[in-house]
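Report on the structure
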Amino acid sequence: MEYLLIFISAIFVNNIIFSQFLGICPFLGVSKKIDTALGMGMAVAFVLTLSAIVTWLIQYYLLVPFGLQYLQTLAFILVIASLVQMVEIVLKKVSPALYQALGIFLPLITTNCAVLGVAILVIQKDYSLVESIVYAFSTALGFALAMAVFAGVREQLALVKIPKGMQGMAIVMVVAGLLSLAFMGFSGVDGGLKVALGLD
């Protein structure tokens, strides 16, 4: 039941974009069309989950035993960058079609602060390995949901007449703010779920 709570909380209550404001660059830059937003979301889901597993193992089997916790951020950045490169190479060899579909998005993930943020949050929240996997995958789903919803709204905005002073990035920021406020409506859900599941 705790996994269900982590799952729902990571997607809706503590959405990585709308609540924690991580991953804003791809959110604003790669969200003009739904298909590209979903492609980016899928690539992030894969890399984010994989990096959470690897960084958790490095933290608890390398950094903590040797007292090297102060190297956490540096180690995680190197791991994520290496992981993205490795995934890119493997995909190119194993599945060229999937590599073509995700090719443009994979290098962008290296600089996505949501990936590093989740790796650090997993350690700060003191999650087990399974909880870390659930949290990372759920966060990636929340990221993909935010990207898809925002891309859908931006596609609709392209079809309507917007006042000249609000065109471009101005209306995009207003819509992002409104979506963030909408997601704040989920803020009491995790507390209600804890009570309902008897975890509180």
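Residues numbered from 1 in each chain as written. Predicted model: local features only at pLDDT ≥ 70, side-chain atom pairs only at ≥ 80, totals over all residues. Heavy atoms only, no water.

**Here we look at the overall build of the chain**
Using the following cut-off: Here a helix means four or more residues in a row that DSSP labels H or I, a strand means two or more in a row labelled E, and each is numbered from the N terminus. Only the C-alpha atoms count toward the radius of gyration. The rule for a globule is 2.2 Å times the residue count to the power 0.38. Relative accessibility decides the category of a residue: with a 1.4 Å probe and only protein chains considered, values under 20% of the type maximum give buried, values over 50% give exposed, and everything between is partly exposed. Contact criterion: two residues are considered in contact whenever any of their non-hydrogen atoms come within 4.5 Å of each other.
A tally of helices and strands in the chain yields ten helices and zero strands. The order of α-helices and β-strands along the chain, N terminus first, is α-α-α-α-α-α-α-α-α-α. Computed over its C-alpha atoms, the radius of gyration of the chain comes to 18 Å, within 12% of the 16 Å expected for a compact globule of 200 residues. Viewed in the frame of its principal axes, the chain has a C-alpha envelope of about 60 × 50 × 30 Å. Buried positions account for 43% of the 200 residues belonging to the chain. Of all intrachain contacts in the chain linking residues separated by at least 6 positions in sequence, the fraction that spans at least 24 positions is 77%.

**Comments concerning the packing of aromatic side chains**
Our working rule: Between the rings of Phe, Tyr and Trp (Trp by its six-membered ring), a pair exists once the centres lie within 6.5 Å; its type follows the angle of the planes, with under 30 degrees stacked, over 60 edge-to-face, and the other angles tilted.
Applying the stated criterion across every chain, the model contains eight aromatic pairs. Aromatic side chains Phe18 and Phe183 sit 4.7 Å apart centroid to centroid with 40° between the ring planes, which places their arrangement in the tilted category. With Phe18 in the loop between helix H1 (2–13) and helix H2 (24–29) and Phe183 in helix H9 (residues 169–183), the pair connects residues that are 165 residues apart, well separated along the chain. As far as the burial class goes, Phe18 and Phe183 line up, both buried. Relative to Phe186, the ring of Phe183 has its centre 5.7 Å away and its plane inclined at 65°; by these criteria the two rings are edge-to-face.

**With respect to unusual backbone geometry**
Working note: non-glycine residues mostly have negative phi, and peptide bonds are mostly trans. For Phe21, which is not glycine, the phi dihedral falls at a positive 55°. Along the chain, Phe21 turns up in the loop between H1 and H2.

**Thoughts on the packing of helix H3 (residues 34–63) against helix H8 (residues 129–157)**
Note the cut-off: Lines are fitted to the C-alpha atoms to define the axes, a helix being fitted only along its stretch in contact, and any angle between axes, read from their N-to-C directions, falls within 0 to 180 degrees. Here is the rule for angles: anything less than 35 degrees is roughly parallel, anything more than 145 is roughly antiparallel, 65 through 115 is roughly perpendicular, and the remaining ranges are oblique. Crossing handedness is read from the near helix: turned anticlockwise from the far helix by less than a right angle, it gives a left-handed crossing, and turned clockwise, a right-handed one.
Axis separation between H3 and H8 bottoms out at 8 Å; the angle between their running directions is 165°. With respect to H8, the axis of H3 lies roughly antiparallel. Regarding H3 and H8, the two cross each other, and that crossing is right-handed.

**Side note on the side chain of Ser51**
Examined against the element boundaries, Ser51 turns out to sit in helix H3. Sequence-distant contacts of Ser51, defined by excluding residues within four places in its chain, comprise Ile80, Leu83 and Val115.

**So, the environment of Gln72**
In this fold, Gln72 is placed in helix H4 (residues 72–94). We classify Gln72 as buried; its relative accessible area is 15%. Those residues in contact with Gln72 that sit more than four places away from it in its chain are Gln59, Leu63, Ile120 and Ile123.

**Thoughts on the nonpolar core**
As a reminder of what qualifies: Residues belong to a common nonpolar core when they are buried Ala, Val, Leu, Ile, Met, Phe, Trp, Tyr or Cys residues joined through side-chain atoms within 4.5 Å.
The biggest cluster of nonpolar side chains holds 55 residues, and the ones touching the most others in it are Ile17, Phe27, Met40, Ile109, Tyr135 and Met147. If you list the elements that add at least two residues to this core, you get H1, H3, H4, helix H6 (106–110), helix H7 (113–124), H8 and H9. Sorting elements by how many residues they give to this core places H3 first, with eleven residues.

**Thoughts on the packing of H4 against H7**
The cut-off we apply is this: Side-chain classes follow a simple rule in which Ala, Val, Leu, Ile, Met, Phe, Trp, Tyr, Cys and Pro form the nonpolar group, Asp, Glu, Lys and Arg form the charged group, and the remainder, Gly included, forms the polar group.
Where H4 contacts H7, the two axes come as close as 10 Å, and the packing angle between them is 130°. Overall, the two elements H4 and H7 adopt an arrangement that is oblique. Crossing handedness for the pair H4 and H7: right-handed. On the side of H4, the interface is formed by Gln72, Thr73, Phe76, Ile77 and Ile80, while H7 contributes Val115, Leu116, Ala119, Ile120 and Ile123. Among the residues making up the contact of H4 with H7, the classes are represented as eight nonpolar, two polar and no charged.

**Description of the confidence of the model for the chain**
As a reminder, the rule being used: Looking at any residue, its pLDDT shows the predictor's confidence there, from 0 to 100.
Across the chain, the average pLDDT comes to 86, with 95% of residues at 70 or higher. When mean pLDDT is taken per element in the chain, H8 scores highest with 93 and helix H10 (residues 189–197) scores lowest with 69.

**Observations concerning H4**
What counts here: Helices are assigned an expected span. That span is 1.5 Å times one less than the residue count.
The first and last C-alpha atoms of H4 sit 32 Å apart over 23 residues, in line with the 33 Å expected at 1.5 Å per residue. Those residues of H4 that fall on the buried side of the exposure criterion are Gln72, Ala75, Phe76, Val79, Ile80, Leu83, Val84, Val87, Glu88 and Leu91.

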